[in-house]
Structure formats: C-alpha cells, structure tokens
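Listed here are the chains, written in short residue letters.
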Amino acid sequence: MRRTLTTIGISLGLALWALGLPHAAKAAEPRRATVAVDIVRASKTPGRSDPRLEKFRMQLADFSFKKYKLLDSRLVTVEEKKTVSIPLEKGRKLRGKSLDVTFVKVEKDGKVRLRLLIPEVLDTTVSLSLDGVVILGGPAIPSGKNGVLFLPVTLVNVSS
Amino acid sequence: MSHPIRDIDERLSAYADGELSPEEAEDLRRAIEGDPVAEAILRDHRALSEALRLTLEEVGEEADLSGFADAVMARIEAERPAPAKARRWFEWRGRKRAPIFAAAAAALATLVVVAVPLFEEESARPMLLAGDPADASIVSMSTFGGHGATVFKTSEGTTIIYVTGN
C-alpha cells in the first residue's frame with residue numbers, strides 16, 4: 001500500500017513538473033507575429049497589372065480600377081504587445097506617414113488581434129487567422145493622379 | 001438633432017447612388033458647385049458605389065461552389081484525431097501491475113483535468129478555407145479628421161476597409 005502511494009505521488013509530481021515546463025519556456029520567449037504588408041497603387045489608367053500581385057488578383061478584381069502596381073512589399077515581425085512602424089514612403093502623398101502594426105494578443109479561437117494605425121487617417125483593430133488578409137485602401141490614402149493606395153495586410157505566421 | 005456635416009455627407013452619398021429626387025439632386029448639385037471639399041467627397045462616394053456595384057454583380061457570376069462540400073469534408077477527415085488505443089494497452093498489462101496502473105491513471109487524470117484548460121487556448125485552431133469571410137473580422141475602427149471608412153467584403157470574402165475623405 002505504501003509503495004503504491006509512493007508511486008502515485010511520484011507520478012503526480014512528474015505530471016505537474018511537466019505541465020510547468022512549457023509555461024516557463026513561454027514566459028521567457030514572447031510570441032511573435034509575422035505580418036506582410038504590400039503597398040499597391042490602383043489606377044484607372046489601362047495597362048498591365050504587376051505579376052507579383054497574382055495573390056491579390058481575385059480580391060482586387062472586384063474594383064473598377066484598370067491597373068495595379070506593387071510599390072513596395074514588407075515582411076515584419078512584431079512581438080506581442082509591441083508595435084512596428086512601416087513607412088509608406090512609396091505612396092507619394094503619404095510621404096512621412098506610416099502604418100503602425102501592433103500585435104495585441106492571440107485570441108481564444110487562435111486568431112491574432114492586430115491594431116493597424118495610419119496616424120491622422122485610420123485606427124482599426126482587426127482579428128486575423130493564419131493567412132487571413134485585410135486590405136486598407138481608398139481615396140483618403142491617394143497615390144498620384146487618378147490612383148488609390150491599397151495596403152493588403154496578411155498574417156503570415158505566429159510563433160507560440 | 002441633425003449634424004450639418006453628416007447630413008451633407010449622407011445627401012452626397014444618396015446623390016452618388018442616384019437616390020435623390022431630380023429636384024433634390026439639382027439643389028445639391030448647385031449647392032456643391034465650386035466647393036472642392038464637397039466635390040471630393042462626392043467623388044469618393046461615386047468610387048465606392050462603383051466598387052460595390054461591381055462586387056455585387058460579380059458575386060453571382062463568379063460564385064462556383066462545386067466541390068465546396070467535398071473540400072470541407074476532406075478537411076474534417078484530415079484533422080479528425082486517430083481513435084484511442086487505451087483499452088488494448090490496459091489489457092496487455094494485466095492485473096499484476098495494478099498499483100502502477102492506478103498511479104498512471106491518477107497522473108493521466110491530473111494531466112487531463114489540469115492540462116486541457118491550459119492548452120486549450122493554444123491548440124484551438126479554427127478550420128478555415130481559403131477566402132473564407134471568417135478569416136478576418138473588424139474589432140474596432142475609428143477615423144481622424146474629415147475621414148470616413150466603410151467596411152465591405154469582396155466576392156472572394158476579403159475584408160476591405162475603404163477610407164474616404166481628404
């Protein structure tokens with residue numbers, strides 16, 4: 001009987017110790033989200049669209065714009081509760097402005113909550129699953145004559 | 001209580017969508033003539049209306065749901081956990097090791113009771129298909145100055161935050 005109780009005690013101890021390991025490791029290393037931000041200029045001038053925009057071809061096909069051009073493409077890694085600022089220098093009228101990406105948290109359903117801020121224009125918080133995309137765009141962030149900027153924001157990866 | 005800026009914005013939106021009566025439309029056209037701000041807002045509304053119109057037109061034309069149910073079922077089958085083999089394992093050991101089984105069972109029970117809630121947050125992965133509208137949602141949104149924003153989804157389910165204003 002004593003031997004059985006000892007065995008149970010050791011087993012419980014080992015189980016609890018094993019449970020603590022991943023939490024200790026997680027406490028030492030913050031979660032990181034990898035986010036892709038593309039800067040796309042859409043215009044009504046007829047012409048060929050940038051072949052690198054194939055992944056967004058279907059999403060942007062709904063718009064009446066004739067041509068899309070990829071001005072810049074950024075891949076940033078942001079730690080949980082931290083912010084990374086992406087300069088939007090390529091969008092002429094936005095020179096001096098930025099898109100600030102904050103990794104707010106990982107939600108219970110596994111989605112990642114990101115705050116996207118374009119100072120003096122837009123402040124939004126979105127919830128994205130892996131490979132989820134939200135596109136910021138419109139006349140308020142113009143780029144040249146008869147053009148509009150679109151900023152597809154894609155959640156590429158989350159490290160746990 | 002009416003808000004003059006909001007009122008004019010709503011009237012411009014209605015004008016862009018052709019929802020005003022001919023008299024109201026003419027009055028508004030005269031009122032904004034030579035006003036660069038109002039004309040810019042009107043251009044924004046027209047651009048948005050056109051984008052939304054095309055979206056709605058293309059939803060019906062491009063929707064192809066053939067194989068959708070099969071794809072969903074394939075994902076469910078792929079992610080379904082393998083059947084448990086615990087029963088066979090216990091049979092193999094027999095009764096002589098009962099104390100060890102008791103200890104292992106207690107440890108396992110502890111692991112399940114304590115670990116499941118702890119790991120639930122990390123292990124829960126939503127099952128989503130490419131282009132599923134549920135892969136992005138807006139938690140909050142605000143704009144600055146004279147900017148406005150409209151959220152809509154394209155025919156592919158992509159969430160667009162369309163920002164208007166100068």
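Residues numbered from 1 in each chain as written. Chains lettered and ligands numbered in written order. Predicted model: local features only at pLDDT ≥ 70, side-chain atom pairs only at ≥ 80, totals over all residues. Heavy atoms only, no water.

Visitor: I'm lost on the overall build of chain B in this one. Help?
Guide: The helix and strand inventory of chain B stands at 6 helices and 3 strands. The N-to-C order of helical and strand elements in chain B reads α-α-α-α-α-α-β-β-β. Buried residues in chain B amount to 25% of all 166 residues. Contacts in chain B between residues at least 24 apart in sequence constitute 41% of all its contacts with a sequence separation of at least 6. Per element, the accessible surface of chain B, about 11500 Å² overall, is 58% carbon and sulfur. (Helix = DSSP H or I, 4+ residues; strand = E, 2+ residues; numbered from the N terminus. Buried < 20%, exposed > 50% of the residue type's maximum accessible area, 1.4 Å probe, protein only. Contact = heavy atoms within 4.5 Å. Areas by Shrake-Rupley, 256 points an atom, 1.4 Å probe, with all protein chains shown as cover.)

Visitor: Explain the overall build of chain A here, please?
Guide: Looking only at helices and strands, chain A has 2 helices and 8 strands in total. The helix and strand sequence of chain A, counted from the amino end, reads α-β-α-β-β-β-β-β-β-β. Within chain A, counting contacts between residues at least 6 apart in sequence, those at least 24 apart form 47% of the total. For chain A, the computed accessible surface area is about 8000 Å², with 54% contributed by carbon and sulfur atoms.

Visitor: Sorry if this is basic, but what is going on with helix 2 (residues 22–32) of chain B here?
Guide: In an α-helix, one full turn covers 3.6 residues, which means residues spaced three or four apart are oriented alike. Residues and elements named next belong to chain B. Along helix 2, the residues classified as buried are Ala25, Leu28 and Ile32. For helix 2, the angular spread of the buried residues around the axis is 65°, confining them to a single face. Exposed positions of helix 2 whose direction lies more than 90 degrees from the buried face are Pro22, Glu23 and Arg30. Glycine 34, located one to two residues past helix 2, shows a positive phi value of around 80°. (Arc of directions from axis to C-beta.)

Visitor: Even after reading the chapter, I still don't get the confidence of the model for chain A, so can you show me in this structure?
Guide: Close inspection of predicted coordinates is inappropriate for parts of the model with low pLDDT. On average, residues of chain A score 80 in pLDDT, and 74% of them reach the 70 mark or higher. Element-level pLDDT for chain A is lowest in helix 1 (residues 2–28) of chain A, with a mean of 64, against a maximum mean of 95 in strand 5 (residues 112–118) of chain A. (pLDDT = per-residue confidence, 0-100.)

Visitor: How do you make sense of the confidence of the model for chain B when you look at a structure like this?
Guide: All names here are of chain B. In this model, chain B carries an average pLDDT of 61, and 44% of its residues clear a pLDDT of 70 or more. Mean pLDDT values for the elements of chain B range from 38 in helix 5 (residues 86–93) up to 88 in strand 1 (residues 136–143). Every residue in residues 80–96 is under pLDDT 50, and counting partners more than four places away or in other chains gives 4 contacts. Scoring the predicted complex yields pTM 0.53 and, for the interface, ipTM 0.77.

Visitor: Looking at this structure, how should I read the sheet that holds strand 1 of chain B?
Guide: One open sheet accounts for 5 strands, arranged 3(A)-4(A)-5(A)-6(A)-1(B); its pairing is antiparallel. Of all strands in the sheet, those bounded by a partner on one side alone are strand 3 (83–87) of chain A together with strand 1 of chain B. Adjacent strand axes in the sheet meet at a mean angle of 20°, parallel and antiparallel pairs treated alike. Of the strand pairs in this sheet, strand 6 (residues 122–128) of chain A and strand 1 of chain B are connected by 7 bridges, and their pairing is antiparallel. Paired with leucine 122 of chain A across the bridge in strand 1 of chain B is threonine 143 of chain B. (Pairing = 2+ DSSP bridges. Axes fitted to C-alpha atoms, helices over the stretch in contact; angles between N-to-C directions.)

Visitor: How should the side chain of threonine 102 of chain A be read in this particular structure?
Guide: Relative to the elements of secondary structure, threonine 102 of chain A occurs in strand 4 (residues 98–106). For threonine 102 of chain A, the residues in contact, after removing those within four places along its chain, are Lys82, Thr83, Arg113, Leu114 and Arg115 of chain A.

Visitor: I tried to follow the environment of glycine 132 of chain A on my own but got confused; where do I start?
Guide: Summarising the element assignment, glycine 132 of chain A is placed in the loop between strand 6 and strand 7 (133–142). Ignoring anything within four residues of it in the chain, the contact list for glycine 132 of chain A reads Val153, Thr154 and Leu155 of chain A together with Asp135 of chain B.

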